[in-house]
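In case you want the letters, here they are:
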Amino acid sequence: MAGRHGRDGKGLLMRRFQNQPLGPSPRIVVLGAPKLGNYVVLQPLLRGLRHQYPGAHLTYVGSRRTLPLEELNPWLDARLPIAERGMEALPTLAAWRHAQTQAGHPGVDLVINADGHAPHTPAWVTALAPRFVVGAARLPSGPHPLQALALDPHWASQSLVTRYAGWISSNSIRELHCRVAWVSTDFERVELPSQPPPAGVPPVLVAVNGERSAKLWPLQHWLSLLGQLRRELDLPATAIGLIGGPPPARPRQPGDHLEQELLARTGLRDLRGQLSLPALVGALARSRLCIAVDSGPMHLAAAAGCPTVALFGTDSEGIGASPRDLWAPRAGHVWVSSSDQRCTGCQQARFDNPDCLLEQHLCMDHLSPASVWPLVQKAWQSSRPVRA
């Protein structure tokens, strides 16, 4: 019998997935995360599952935040927007599974945990009681390298490709999610549904906020770069729009204060929360340039085909505030920055630290506007004027 297996807390037999036959109409559940960027990078996996199992019933356990994109996703059959709730969502998930059984549907054939090592996912897998599972921590790893890769906590490690030589070609998160599920596709082709944006969207869009303040670029650097952008390209302030989630009533996080101060000192158009996610994808597809820190909007811009400058505070080897090699889009229309300051603090903390661990934010501070400007020039020159 291929693959390792075990019994969950209810005595149900589950086995590690090793590309076993699932039948003509398998029921597959993908466990996602509540973050926008996480959903975007899963698109090759979802597309690949649909193509590999055309008769499958594919359910995505996602979030209310990404639901507007999920509802337009042609590869999904059902959606459960409960990812934000963690363990509190367990009764909802169990009730959904019971309702499926009562309706005469067969059991879940495969669960793919695409939510990393979140503490609630083992309980979610138990509630779903699948025949096979990818990436659930309670079961012992099987002997196959891809089964070990699914549980490996070091996807951001530079040695990952060497350790799994012959099974992966890169440590791009888009490829890794597909490989552990035995899905073959174009790993770096990310497609998202879009809707027409309102008229008059600025040709330049910037995203300065993010989930972790360790990834933020300093205000003075933004002021310097945007000032040069306006001067060199002869753009009014209103030709640059600030995108991101709806602003809170009162700024609470460092990124909220950064956005507020940037708006006050530049006169940028504030588009935060004014566009639905599909309309934002449409706006990015029409824009000539997006400059963004490592964040959900950066991934949207890359997926939309917008010439994008991605601000990663990493050195030439990819070490810094974000795991560049793991998360950065690998596309010809994306230019990724490099800092001249090496810092391993976030890497040692496995990027679980929300804030910089040092008194001075060296990696992002040393990502100078002067080093970013040539990337902005290349991105702008590669683009075409916005269509009327």
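Our subject is the structure that appears above.
Residues numbered from 1 in each chain as written. Predicted model: local features only at pLDDT ≥ 70, side-chain atom pairs only at ≥ 80, totals over all residues. Heavy atoms only, no water.

Asker: Give me the lowdown on the nonpolar core, citing residues and values where you can.
Answerer: If you look at the biggest cluster of nonpolar residues, it comprises 67 residues, and the most contacted ones within it are Leu284 and Leu300. Other than its neighbours up to four places away in sequence, Leu300 contacts Leu36, Val40, Leu69, Leu192, Leu277, Leu280, Val281 and Leu284. Ranked by size, the runner-up nonpolar core spans 35 residues in total, among them Val208, Leu289, Val293 and Ala379. (Core = buried A, V, L, I, M, F, W, Y, C linked by side-chain atoms within 4.5 Å. Buried < 20%, exposed > 50% of the residue type's maximum accessible area, 1.4 Å probe, protein only. Contact = heavy atoms within 4.5 Å.)

Asker: Just give me the short version of the packing of aromatic side chains, but keep the residues and values in it.
Answerer: Counted under the stated rule, the structure contains four aromatic pairs. Look at Tyr39 and Tyr60: their rings are 5.4 Å apart centre to centre, the planes differ by 65°, and that puts the pair in the edge-to-face class. Highlighted residues: Tyr39 in helix H1 (residues 36-41) and Tyr60 in strand E4 (residues 57-62), separated in sequence by 21 residues. With respect to burial, Tyr39 and Tyr60 carry one shared label: buried. (Phe/Tyr/Trp six-rings, centres within 6.5 Å; stacked < 30°, edge-to-face > 60°. Helix = DSSP H or I, 4+ residues; strand = E, 2+ residues; numbered from the N terminus.)

Asker: Talk me through the pattern of salt bridges; I want residue IDs and the actual numbers.
Answerer: Per the stated rule, a full pass over the model turns up 16 salt bridges. Residue Asp294 is joined to Lys215 by a salt bridge in which the shortest nitrogen-to-oxygen separation is 3.7 Å. One end of the pair, Asp294, is in the loop between strand E11 (289-293) and helix H12 (296-304); the other, Lys215, is in the loop between strand E8 (204-207) and helix H9 (219-233), and 79 residues separate them in sequence. Comparing Asp294 with Lys215 shows no difference in burial state: the two are buried. One salt bridge connects Asp315 with Arg342, and the closest N-O pair in it is separated by 2.7 Å. Pair noted here: Asp315 is in the loop between strand E12 (308-311) and helix H13 (324-327) and Arg342 is in the loop between strand E13 (334-336) and helix H14 (345-348), with a separation of 27 residues, a long-range link. Overlapping salt bridges, with partners in common, bring together Arg47, Asp186, Arg189 and Glu191 in one network. (Salt bridge = Lys/Arg side-chain N within 4 Å of Asp/Glu carboxyl O.)

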